[in-house]
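Here's the letter readout for the chains.
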Amino acid sequence: MEHELILPGCTPTPLAHYLKALGVFRLVAEQLDPDVRACWRKDTLVLLTKASQSELERFFLEGYRPTPVLAPWNGGSGFYENDNKDGFTPLSLSKAIRFDPLRTGISVAQQALARLNLRDKPDGDIKPRLLELLRAESDDNMLTWLDAAVVHTSGSPSY
């Protein structure tokens, strides 16, 4: 049975709401219902999915596996001494299986920073070296994010 789920918080404007809508659609398609379809109706995202409203809510509260979106090349990323770690630390210490890709990404990034002896956000020649090391050591979950965030060229990386 297909359900039509209207998501009033997912609108085409402002941009943040549009990006949220794309993220919801991607996560549902990747992790809950590969046959999901979506459309805009009266400036609101509508999902056509096998999941009911309560199943979608349960998925986001209990089942969804966050993509490891980490940027240890930036200050304020949670990897450096003076960074805010309010969300970073609890996630890295969580035992929930659904956070495994995130914990793995954090561990890979911490190891890369340690190998390069970085204690502050990298600048100059060290930043491309960090990105190369992250690319070489990351699993597919983290590579998806790295490939979306950074274009590796023969010169310096582009973001």
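Residues numbered from 1 in each chain as written. Predicted model: local features only at pLDDT ≥ 70, side-chain atom pairs only at ≥ 80, totals over all residues. Heavy atoms only, no water.

1. Considerations on the overall build of the chain
Working step 1: Looking only at helices and strands, one finds six helices and three strands in the chain.
Working step 2: The order of α-helices and β-strands along the chain, N terminus first, is β-α-β-β-α-α-α-α-α.
Working step 3: With the C-alpha coordinates of the chain rotated into their principal frame, the extents come out at 55 × 35 × 25 Å.
Working step 4: Taken across its 159 residues, the chain has 38% of its residues classed as buried.
Working step 5: Here the contacts in the chain between residues at least 6 apart in sequence split such that 57% fall between residues at least 24 apart. (Helix = DSSP H or I, 4+ residues; strand = E, 2+ residues; numbered from the N terminus. Buried < 20%, exposed > 50% of the residue type's maximum accessible area, 1.4 Å probe, protein only. Contact = heavy atoms within 4.5 Å.)

2. Here's the deal with the packing of aromatic side chains
Working step 1: Applying the stated criterion to the full structure yields four aromatic pairs.
Working step 2: Between the aromatic rings of F59 and F60, the centroid separation amounts to 4.8 Å while the plane-to-plane angle is 65 degrees, which identifies the pairing as edge-to-face.
Working step 3: Among the residues examined, F60 registers a relative accessible area of 26% and is labelled partly exposed.
Working step 4: Here the aromatic rings of F59 and Y64 are separated by 6.3 Å at their centres, their planes lie at 65 degrees, and the arrangement is edge-to-face.
Working step 5: Relative accessible area serves as the criterion here: at 23%, Y64 is assigned to the partly exposed category.
Working step 6: Aromatic rings pair up to connect F59, F60 and Y64 into one cluster. (Phe/Tyr/Trp six-rings, centres within 6.5 Å; stacked < 30°, edge-to-face > 60°.)

3. Some thoughts on the side chain of S52
Working step 1: Residue placement: S52 occurs in the loop between β3 (44-49) and α2 (53-63).
Working step 2: Looking at S52, the relative accessible area reads 15%, which means it is buried.
Working step 3: Residue contacts for S52: discarding those within four places in its chain leaves H3 and L5.

4. Points about the state of the cysteines
Working step 1: A complete count under the given rule lists zero disulfides for this structure.
Working step 2: We note that C39 lacks a disulfide partner, and the nearest cysteine sulfur, in C10, lies 13 Å from it.
Working step 3: On the accessibility criterion, C39 (27% relative accessible area) is partly exposed. (Disulfide = S-S within 2.5 Å.)

5. Some points on the nonpolar core
Working step 1: Counting 24 residues, the largest nonpolar core has W73, F79, L130 and L134 as its most contacted members.
Working step 2: Mapped onto this core, the elements with two or more residues apiece are α4 (100-115), α5 (126-137) and α6 (140-149).
Working step 3: Here this core takes six residues from α4, the largest share from any one element.
Working step 4: Setting aside residues up to four positions removed in sequence, F79 forms contacts with L70, P72, K85, F88, I106, A109, Q110 and L113.
Working step 5: L7, L45, L47 and F59 belong to the second-largest nonpolar core, a separate cluster that totals 11 residues. (Core = buried A, V, L, I, M, F, W, Y, C linked by side-chain atoms within 4.5 Å.)

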